[in-house]
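Next come the chains, spelled out residue by residue.
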Amino acid sequence: MNKKQSLDLTSGPIFKTLASLAMPIMASSFLATAYNITDMAWIGMLGSKAVAGVGVGGMFVWLSQGLVLFPRMGGQVNMAQCCGSRRFSEARSYAAAALQLTILFGILFGGVCLLFSDPLLSFFQMDDGETYHAAEIYMMITCGLIIFSYLTQTLTGLYTAQGDSKTPFKANLIGLIANMVLDPLLVLGYGPFPRLEAAGAAIATVIGNLCAVLYFLAVVLKRSRILSVSLRSWKIPPAYVGQILGIGIPAAIVNIMSSVSTVLINQFLLPYGNDKIAAMGIATKVSMIVLLVLTGLAFGGQPLFGYYFGAGDKERLSQLLKFCLRFISAVALALSALVFAFAPLLMRCFMSDETIVTQGALMLRWQVTSMVFVGIVLLMTIVFQSAGKVVGSFLLSIGRQGVIFLAVILIAYFTLGYRGVIVSQAAADFLTAIGACLLFYKQLYKDFRH
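This one's a predicted model, so the numbers in the text were calculated from it and none came from an experiment.

Below, the discussion takes up the overall build of the protein. Regarding its fold elements, the protein presents 17 helices and 0 strands. Within the protein, the fraction of its 450 residues that count as buried is 57%. Long-range contacts, defined as pairs at least 24 residues apart, comprise 81% of the intrachain contacts of the protein with a sequence gap of at least 6. Only carbon and sulfur atoms are counted for the fraction: they give 69% of the accessible area of the protein, which is about 18100 Å².

Our focus in this paragraph is a nonpolar patch on the surface. The grouping of Leu210, Leu214, Leu217 and Leu221 at the surface amounts to a nonpolar patch, some 350 Å² of accessible area in total. Along the chain, the position of Leu217 falls in helix H8 (residues 198–223).

It is worth spelling out the packing of aromatic side chains at this point. Going through the model one piece at a time under the given rule, you end up with 7 aromatic pairs. Residues Phe268 and Tyr413 carry aromatic rings whose centres are separated by 4.7 Å and whose planes lie at 45° to one another, so their mutual orientation is tilted. Taken as a pair, Phe268 in helix H9 (residues 238–269) and Tyr413 in helix H16 (residues 399–416) lie far apart in primary sequence, 145 residues in all. Exposure remark for Phe268: the relative accessible area of 14% places this residue in the buried category. Feature note: the residues Phe268, Tyr413 and Phe414 constitute an aromatic cluster, connected by ring pairs.

Tallied over the entire structure, the rule returns 3 salt bridges. Here Arg195 and Glu197 are joined by a salt bridge, their closest N and O atoms 3.1 Å apart. Residue Arg348 pairs with Glu354 through a salt bridge whose shortest N-O separation is 3.2 Å. Looking at Arg348, the relative accessible area reads 42%, which means it is partly exposed. Looking at Glu354, the relative accessible area reads 41%, which means it is partly exposed.

This brings us to the packing of helix H11 (residues 314–341) against helix H13 (residues 354–368). Contact pair H11 / H13: the axes reach a minimum separation of 9 Å and the direction vectors enclose 170°. What the angle tells us is that H11 and H13 run roughly antiparallel. Taken as a pair, H11 and H13 cross one another with a handedness that is left-handed. Packed against H11, whose contacting residues are Ser336, Val339, Phe340 and Ala341, the element H13 presents Leu364, Arg365 and Val368 at the interface. For the contact of H11 with H13, the class distribution of residues is 5 nonpolar, 1 polar and 1 charged.

A word on the environment of Leu406. Relative to the assigned elements, Leu406 resides in helix H16. Judged by relative accessible area, which is 38%, Leu406 ranks as partly exposed.

In the contact formed by H13 and helix H17 (residues 418–443), the axes pass within 8 Å of each other and the chain directions differ by 35°. For the pair formed by H13 and H17, the contact residues are Gln359, Leu362, Met363 and Trp366 on the first element and Tyr418, Arg419, Ile422, Val423 and Ala426 on the second. Classifying every residue of the contact of H13 with H17 by side-chain character gives 7 nonpolar, 1 polar and 1 charged.

Counting 128 residues, the largest nonpolar core has Ile43, Phe305, Val383 and Phe448 as the members making the most contacts within it. The element contributing the most residues to this core is helix H10 (residues 274–311), with 21 residues. Beyond its immediate chain neighbours, meaning those up to four positions away, Val383 contacts Phe305, Phe309, Leu321, Phe440, Leu444 and Phe448.

Parts of the model with low pLDDT should not have their predicted coordinates read in detail. On average, residues of the protein score 80 in pLDDT, and 84% of them reach the 70 mark or higher. Overall, residues 1–7 carries pLDDT values under 50, and its contacts beyond four positions in sequence, including any with other chains, amount to 19 contacts.

Quick look at the environment of Ser336 now. Structurally, Ser336 is set in helix H11. Between the C-alpha atom of Ser336 and that of Gln367, which follows or precedes it by 31 residues, the distance is 9.0 Å. Beyond its immediate sequence surroundings of up to four residues, Ser336 is in contact with Val290, Val368 and Met371.

Let us look at unusual backbone geometry. A positive phi angle is found at Glu197, which is not glycine, with a value near 55°. Structurally, Glu197 is set in the loop between helix H7 (166–187) and H8. For Glu197, a relative accessible area of 36% corresponds to the partly exposed category.

Criteria and thresholds
- Residues numbered from 1 in each chain as written.
- Predicted model: local features only at pLDDT ≥ 70, side-chain atom pairs only at ≥ 80, totals over all residues.
- Heavy atoms only, no water.
- Helix = DSSP H or I, 4+ residues; strand = E, 2+ residues; numbered from the N terminus.
- Buried < 20%, exposed > 50% of the residue type's maximum accessible area, 1.4 Å probe, protein only.
- Contact = heavy atoms within 4.5 Å.
- Areas by Shrake-Rupley, 256 points an atom, 1.4 Å probe, with all protein chains shown as cover.
- Patch = residues over 30% accessible without salt bridge, like charges linked within 9 Å, V, L, I, M, F, W, Y side chains within 5 Å.
- Salt bridge = Lys/Arg side-chain N within 4 Å of Asp/Glu carboxyl O.
- Phe/Tyr/Trp six-rings, centres within 6.5 Å; stacked < 30°, edge-to-face > 60°.
- Axes fitted to C-alpha atoms, helices over the stretch in contact; angles between N-to-C directions.
- Parallel < 35°, antiparallel > 145°, perpendicular 65-115°, else oblique.
- Left-handed = near helix turned anticlockwise from the far one by under 90°.
- Nonpolar A, V, L, I, M, F, W, Y, C, P; charged D, E, K, R; others polar.
- Core = buried A, V, L, I, M, F, W, Y, C linked by side-chain atoms within 4.5 Å.
- pLDDT = per-residue confidence, 0-100.

So this is what it looks like as structure tokens:
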């Protein structure tokens, strides 16, 4: 591993080390989400039907992200532990296993979406032909070629595990720039480019991800010690795959549940009209900015937690956890307050329809009121994953946007109707945060006492 690329994660001030990892990760996460925000901004110029269609098609992209977390998180956690104890040969094997699984899942998911697009989309009961066409074309292109997005995310995780978060930032920045340049050209058809609308947004996103993968490949060929494109290094023991999946499954479930919750919300909003679905789609995209900052902070600490668990360093584990709890909570409060105050203005960045702006502002405010609890849940989930606590990680994974959310939204819908749907996620976040703290005290508190 090139020393210029990596950090010494076992010494130095906690804040400086965490910031060195978390800031580029937050930026990378924001850039990855900015792909979809950029798409939505240009699609918004085509009207609410196109926005609703891309929102539905984009749900399958979000749903697919759960699959890539199997290899990404499993590879990242195991690599961090191996690098911390200087077992670089094992780290190389875990990286190869993670990349093989990433390619396999990308091909399988893309094939399923291309073969079964009609049955999958029929679940949403879209009566309007324009909305259905936008959803179908966006889903088929982005999901059919999802392998480039998958590789970008897994390589981001593997580089971070080595203590190098700058390379992923540069890769995602290159991809975003490509996406932003191509979006107006392909969506609206400027200059010699055809007006492709939803298809143009999807093509721009795929090309952006491809550019990021090509940058990663160039770095691997030039100066990576652990990551390799050599086929000889890709021969791995089956046990490594099992270890990756054992850690990656809970992480994947978190993302899958997130996508499922989005599908459920849209299904419950369906009786109230396409404008409600379009408003929720935009509100969700905006709230993702806050969520991804918190995710970046939590994931920035993941390699550190992995190193310290591997070394049995309870003192630094305790310092890291306390700092992360305070910092994530403070950031969540500050960002939530800003989004709450400027919710209508943020909605108008994507849609000029005042009805959708008003409805979306209310939805957006409810989504950010519980971000402090979301930050706590994210941090606890990362800690359980880093410690290799599969059961605890699994329970948290099926909580916030799974079992707890399902129970809350059903009760809220049948008692409060429309308002119940838009407040259900906030209530589920609060309940899950309480459960996460109780679970931590029972299973992991002793590992942080020194």
